[in-house]
Every structure is written in C-alpha cells, then in structure tokens.
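Here's the letter readout for the chains.
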Amino acid sequence: MKKITVVCLALCSFLFGGDLFSVKAQILEKFTLPTPWTEEALKAEIPLPEYPRPQMVRSEWLNLNGIWDYMGGKDLLDPVTATTPPVFPAKVEKIRVPYPPESELSGIARGGDTCLWYKRSFSVPQAWKGRNVLLNFGAVDRISSVFVNGKKVGTHTGGYDAFSLNITDYLKSGENVLVVGAYDPNDGRAASGKNGSRGDYIFTSGIWQTVWLEPVEKQYISQIKLVPDLKNNRLEVIAYTEDKELKVTAIADNGTSEVARTEGNSNMSFYLPIREPRLWSPDDPFLYGLKLQLKDRKGEIIDEVSSYFGMRSVSMGKVDGVLRPLLNGEFVFHIGLLDQGYWPDGAFTAPTDKALLYDIELAKRAGFNVIRKHIKVEPQRWYYHCDRLGLMVWQDMPNLWEPDGEDSVAVRKQFRDELKVMIDQHVSSPSIVMWVPFNENWGAFEATDITAWVKKYDPNRWVNGMSGYNYAPGYRKAYGDPRNGDFVDMHHYGKIEPKAIPRPDDKRAASLGEFGGKGLFVRGHMWPVRNDAYEMMLNREVLTDTYVLMLTELEQMINYFGLSTAIYTQTTDVEHEINGLVTYDRKVEKMDLEKVKYINQEVIRCTRKK
C-alpha cells in the first residue's frame, strides 16, 4: 500500500505540474489528437495494469509500469557498452512507462534521444521471500542493458520480443534500484518496419511494453509451445525448463469441466488427447483452458501456469480445381484489414487495453475475418484478444531497411534470429494462421531461402514469403517473387479488374495482399501534416459505396479467377494516411459499417460449399 501511495503522489505532480519536474502534454487539452482513452491513461496509477502474458499466466506478479526517472540524448552513456549505470541528477525528467519517449503519453514527447536511460525503485513483496524473482519486459527497442542495485544483470537485442532476467542474486532487503538503458540508432540495420529509418510515421524507441516482476522456484516453466493436431485429435505440448528431467502435468478444460489430463517430460513433446474437439474458427472461436504443473522429482508441484489453446488446422487444397487455403479443411475467403497499430497519443503503444481491444472489435464488427498485422509485433494481449474474438491473423515480420552494407552478415543473421524468436513466442496462438517474412521488397534478402525455412520450422501455418512482390522501393534492387511458400501475393490500389489480380498455380494460392486505400478528410480528426491516400472520396456515402462495389468486384475475382484472399488498407488512419475505416483518434467511423459488414459476409458466404 505504501508503494502505491508513492506512485500516486508522483503521478499527481506529473499531471498537475508540481515542483518535482516538468513534462510536456500534462493535460488532455495539450494533446495533439487525444483518443477516447487518453484521459484514462493519464489518470492511471499503473498504466496498462492487465497481466501482460495471457497464454502463460502466474497468479503472483508485480506491475512496474508507472512514473520512472528518465534521461535521453545522443551524447549520454552508451547502454551497449556501459558496465555500470549512469548517475541521474537530483532534478530529472520523468517518463510514464511503458509509453515510448517520442509519444505524448510518455510525458517526454521528444525524438532522437538514441541513448535512453530509465530508473525506478521497487521492493519485493515479503511473501516472495526465499523464491527466485524474474524481471520481465514485454519489449524494449532496441538494444537494452539492465542494472539492479548498480550491477549489470544482462542485455538484450531486439525491439519486438519479450525477455526475462533472473535478478534474484542482485536483490537486497527493502528498496531496490532498477536502471534500464536502451540504445536505438534508427539506422535501418535492424528489424524495425515502419518504426525505422525509412518508415512513414513517428519513430519510437525504448521501453514500449509492460515491465513486471514475478516469483518462481529455482526450476520453472520458461516458455511453452502448444500445437493442435486435428488429424490425431490431440494437442502437442512442450514446457521448457532449465532442468530437462522434470515432469509436467497438462490438464485441459472446456470452461465447465476437465476434458483431458496427461503427463510428460519437460523440454519434450507430449500429447494431450482432445476427443471430439470443438474447432476454433472466426465463426466459433472456442478456446480450451489449460493448466500446466511442473513437478520435482518427489512429485511436488513447483510451478504452475494457466493457459489456453484452440483446436484448428490450416492446409492447402484444391477446390473445384483451384488451389485454396483451407481452415479446418474448408475454404473460406480471407477478407481482412491491414492493421499497423499506431496511436496519436501513445505512438507504438496503445493507451489502454480497451484501446488495444477496440481496433480488433472494429474489424470483427465490420465483418472482416482477418487482420494482417503489418510489419509490427504487438503485445501478447493483442493476440489473446484475436484468439478469443475470432480473427485470423497474418503476422508480418518487421523488416530491415539496410541489409547490404559491410556488416550485412551480422545484420542478416540478427534478422533471422529475431524472426525465429517471433515465431517461438507466438507459435501457440490459434489466431495466427500465416507468417509473412517480407513486404514489398522492403529490405528483402534471401527471401526464397527464408520462406522455405519458415515453412519447415512451422509447418502448421501458411507462409506468404513476399506480400506484394510486384511493389518495390526505389532505393535498392527488388528481390521479386520468391516463387515458393503458399501464396502468390500482389498488391493493387486501383480498379478491381482481372489484369490486376494474381493467379493461383499448382503450388500457391492467389492473394491480394493489399487493396483499397480510399481516403476521406474528416475535419478536426486529422494529424497536423499533409493528409493523403491512394484515392480521395467525396463523403462517407461515396466511400462506403465504393467499398461495396470493390467487394462485389472481388467476388467475381474469387469465382472466376481463383482469388483466395484480399486485405483492405486499412483499419485506422495513421498520421498522414487517411484511408482507415475510422479516424486516427478512433472517434469517427468513416464508413457505414453495417453496409461493410453485410457485403463482407455476403462475399464470405459465396465461397462456402453448400
């Protein structure tokens, strides 16, 4: 209770301009374009208080989000080479974690710091005495160093993946001091996507997902892998631990009663039988509950995590002689939204979990069955919402921009390593049905080889090696069509007509990875830059009718030219791009969503076999 009081006092000074420090964007009226959740985020004692890892939940944890000390600048101590943390001045800037310092919600609203340093104190709950303590980060962009009580605990490279450090040996009784350094040069030589040197939008860095502590025993489950196997009516389970000789009990339930129980060894596949499985799909996104219990050699439970899984399959098959993607053995047309996950108040970080959920619910409400998460990896709660609401997810790998320099061997290896980590950390999510290694030749290299590797590494999902291979930036030679994977994928923003639509072949289905991009000006709800789109519409009615016409034309492409997927650009406006279903601040729906839902559902229905 004492700790919460301290945080609250700091927050009150932050909001109302106390003498402790000065910050930008202290009140709602100072925000450039506030969302419906900005004020809630400003007032929260602990921003984003929800448990951040829904597919591996422990009952005890401590959220470290909130007000931290902050220093940022190009000339500060380099976090990459630092062996000890810097000294913070008595009067120091404050930052609201986990919003990146470039965002207004952070309270800093400044870019280009490059070397970022964060500091806060914490106390370990007495109930955790005698146990190990893990310090968890949802994501830190991009190279981070972590210090506890002045000593270096560890480092991490990668701006989109979660990592954990065992800080037990560095702790002391009472108050502990945590310092996190982050280095992000924004040089395009790392997986960054739009959040990079050639990206279209605000560049962000540093801590941008939840930071938290949790207690564990000496041996604990560090990661899990859940793979549905419909052919054999079972779930493959792997629980990873440091000790390879521990037993794991898996218990599945259907929400009301236990349906299966089995035991296996840690770090090895074992199988949970699921008789007459209820299949996961956008129409029925049923999730089974799962409990995993780690036992020592005496049979005592030493760790327990709660999880969930969905039973579904993805495959390729011919339907009336045309190669199609099959979900649970059935072809259902993929009609989706390109979703970039940017926010006018939080930049790369949604202001609240309700905000994070809004974009997904919007897609569902408008009758889409797919979200293409565009060259960004979201917090794990985003995938949880897709899992439970029933949206298939195409997951893009954030691209490099500069893979060809003198350090290309190291840069390309790091990209491959981070691609593997992305798959490993999200492999258990039933909503993710496709990996997309590259987009439009952006930083693409060795795409044929990487596509083949992804397909081999995760044979239980589709792989779209290059979405929009027909588009390419002008700054380097295009890689072009990788000619493997599950889709021949082209982008097209003009009229829907046969000459613009890819054709399936004997090995790949036809995918329209991006289309649409129709814009609409909405006064009072636009980012203060020159606003644009691929084509501007006169008003809401014209925009809606244009979308309905495009979907009607797409139906012809499905039935007579073999098209299997189409992704509309995009969920929301993003800064200068005003081609979203809703405005950037999520306050105005730019189309009649009932009409959008109707035509989407009609087109989906036309693909189903009677």
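Because the structure is predicted, anything quoted here is derived from the model rather than measured. Each residue is numbered by its place in its chain's sequence as written, counting from 1. In keeping with the predicted nature of the model, local features appear solely for residues at pLDDT of at least 70, side-chain atom pairs appear and are counted solely at 80 or more, and the whole-chain, interface and lining totals rest on all residues. No hydrogens and no water enter the side-chain calculation; it runs on all heavy atoms of the structure.

**What to know about the pattern of salt bridges**
For this analysis, a salt bridge means a side-chain nitrogen from Lys or Arg found within 4 Å of a carboxyl oxygen belonging to Asp or Glu. With the rule as written, the count across this model stands at 47 salt bridges. Salt-bridge contacts for Arg297 lead to Glu245; the nearest nitrogen and oxygen are separated by 3.3 Å. Taken together, the residues Arg297 in the loop between strand E18 (288-295) and strand E19 (301-309) and Glu245 in the loop between strand E14 (234-240) and strand E15 (247-253) connect sequence positions 52 residues apart. Pair check on accessibility: Arg297 and Glu245 agree, each one exposed. Runs of E in the DSSP output that reach at least two residues are strands. Runs of H or I that reach at least four are helices, and both are numbered from the N terminus. Only protein chains enter the calculation, and the probe is 1.4 Å; a residue is then buried if its accessible area is under 20% of its type maximum, exposed if over 50%, and partly exposed in between.

**With respect to the domain arrangement of the protein chain**
Residue ranges assigned to each domain were obtained from an automatic or database domain assignment. By the assigned domains, the protein chain splits into domain 1 (30-216), domain 2 (221-309) and domain 3 (314-607). Placing a centre on the C-alpha atoms of domain 1 and another on those of domain 3 gives a separation of 29 Å. In this description, contact between two residues means that some pair of their heavy atoms is separated by no more than 4.5 Å. Contact residues are listed per partner, giving 49 residues for domain 1 and 58 residues for domain 3. Summed over both partners, the accessible area lost on bringing two parts together, with a 1.4 Å probe, is the buried area. Both faces considered, domain 1 and domain 3 share a buried interface measuring about 4400 Å² in area, 61% of it formed by carbon and sulfur atoms. Of all residues in domain 1, Leu33, Trp37 and Arg189 bury the most surface against domain 3, accounting for 19% of the area lost on that side. Put simply, domain 1 and domain 3 have 3 salt bridges between them. In this structure, the salt-bridge partner of Glu418 is Arg142, at a minimum N-O distance of 3.1 Å. In protein, a polar contact means a hydrogen-donor-capable atom and an acceptor-capable atom, both N or O and within 3.5 Å, with residues adjacent in sequence counting only if both atoms are side-chain atoms; elsewhere, any N or O pair within 3.5 Å suffices. The interface formed by domain 1 and domain 3 includes 24 residue pairs in polar contact (both at pLDDT 80 or more). At 3 residues, helix H2 (residues 38-43) tops the list of elements feeding residues into the side of domain 1 that touches domain 3.

**Focus on the sheet that holds strand E1 (residues 62-63)**
By the convention used here, strands pair only if DSSP detects at least 2 bridges between them. Pairing is antiparallel across the open sheet formed by 4 strands, whose spatial order is E1-E12-E5-E9. What marks the edges here is a single partner per strand, and that holds for E1 and strand E9 (163-166). Where E1 and strand E12 (residues 211-216) come together, 2 bridges link them in antiparallel fashion. Paired with Leu62 across the bridge in E12 is Leu213.

**Overview of the nonpolar core**
Residues Ile335, Phe368, Phe515, Tyr547, Leu563, Tyr568 and Leu581 are the most contacted members of the largest nonpolar core, which totals 78 residues. Among the elements that take part in this core, helix H7 (residues 540-561) stands out by supplying 7 residues, more than any other. Two domains each provide a minimum of three residues to this core, namely domain 1 (30-216) and domain 3 (314-607). For this analysis, a nonpolar core means a set of buried residues of the types Ala, Val, Leu, Ile, Met, Phe, Trp, Tyr and Cys, connected via side-chain atoms within 4.5 Å. Membership of the second largest hydrophobic core comes to 27 residues, among which are Leu64, Val97, Ile108 and Tyr118.

**Some words on the packing of aromatic side chains**
Centres within 6.5 Å are what make two rings of Phe, Tyr or Trp a pair, Trp counting through its six-membered ring; a difference in plane orientation under 30 degrees is then read as stacked, over 60 as edge-to-face, and the rest as tilted. The full count for this structure, using the stated rule, is 31 aromatic pairs. The interplanar angle of 15° and the centroid separation of 4.8 Å between the aromatic rings of Phe137 and Phe163 together place this pair among those described as stacked. Here Phe163 lies in strand E9 and Phe137 lies in strand E5 (residues 132-137), a separation of 26 residues in the sequence. Residue class for Phe163 comes out buried when judged on its relative accessible area of 9%.

**Concerning helix H8 (residues 593-607)**
For H8, built from 15 residues, the straight-helix expectation of 21 Å at 1.5 Å per residue is met to within 8% by its first-to-last C-alpha distance of 21 Å. Every buried residue of H8 is accounted for by Leu593, Val596, Ile599, Asn600, Val603, Ile604 and Thr607. Viewed along the axis of H8, the buried residues span an arc of 135°, placing them on a single side of the element. Opposite its buried face, H8 presents the exposed residues Glu594 and Tyr598, each directed more than 90 degrees away. One less than the number of residues in a helix, times 1.5 Å, gives the span that helix is expected to have. Note that the arc is computed from the directions linking the helix axis to the C-beta atoms.

**Digging into the pairing of strand E23 (residues 334-339)**
Burial runs high along E23: 6 of the 6 residues are buried. Alignment of E23 against strand E34 (residues 563-569), held across 5 bridges, turns out to be parallel. Each residue of the ladder has a partner; that of Gly336, found in E34, is Ile567. Pairing of E23 with strand E24 (residues 370-373), which is carried by 4 bridges, proceeds in the parallel orientation. Residue pairing across strands places Gly336 opposite Val370, the latter belonging to E24. Assessed by its sense of winding, the connection that carries the chain from E23 through helix H3 (residues 353-365) to E24 is right-handed. A clockwise course of the path from the first strand over the helix to the second, judged with the strands pointing away from the viewer, identifies a crossover as right-handed.

**Observations regarding the confidence of the model for the protein chain**
The pLDDT averaged across the protein chain works out to 94; a share of 95% of its residues lies at or above 70. Per-residue confidence from the predictor is reported as pLDDT, which spans 0 to 100. Low pLDDT (under 50) marks residues 1-25, which in the prediction has 46 contacts with non-local residues, meaning those over four places away or in another chain.

**Comments concerning the sheet that holds strand E20 (residues 314-319)**
With antiparallel pairing, the 3 strands of this open sheet are ordered in space as E20-E21-E22. Only two strands of the sheet have a single partner each, and these edge strands are E20 and strand E22 (330-331). Bridging between strand E21 (residues 322-327) and E22 involves 2 bridges; their strand directions are antiparallel. Within E22, the position partnered with Leu327 by the bridge is Glu330.

**Quick look at the side chain of Ser192**
Following the sequence through the fold, Ser192 ends up in the loop between strand E10 (175-183) and strand E11 (206-207). Its relative accessible area of 10% is what places Ser192 among the buried residues. For Ser192, the contacting residues outside a window of four places in its chain are Tyr160, Ile375, Pro398, Asn399 and Trp401.

**Some points on the pairing of strand E26 (residues 432-436)**
Judged by how many residues are buried, E26 sits mostly within the fold: 5 of 5 residues are covered. In this sheet, E26 lies alongside strand E25 (residues 392-396) in parallel orientation, the contact comprising 4 bridges. Looking at E26, one finds that Gln395 is bridged to Trp435. Regarding the hand of the β-α-β motif, the stretch spanning E25, helix H5 (residues 408-426) and E26 is right-handed. Sheet topology note: the E26/strand E28 (residues 462-463) ladder contains 2 bridges and is parallel. Pairing of Trp435 across the sheet is with Val463, part of E28.

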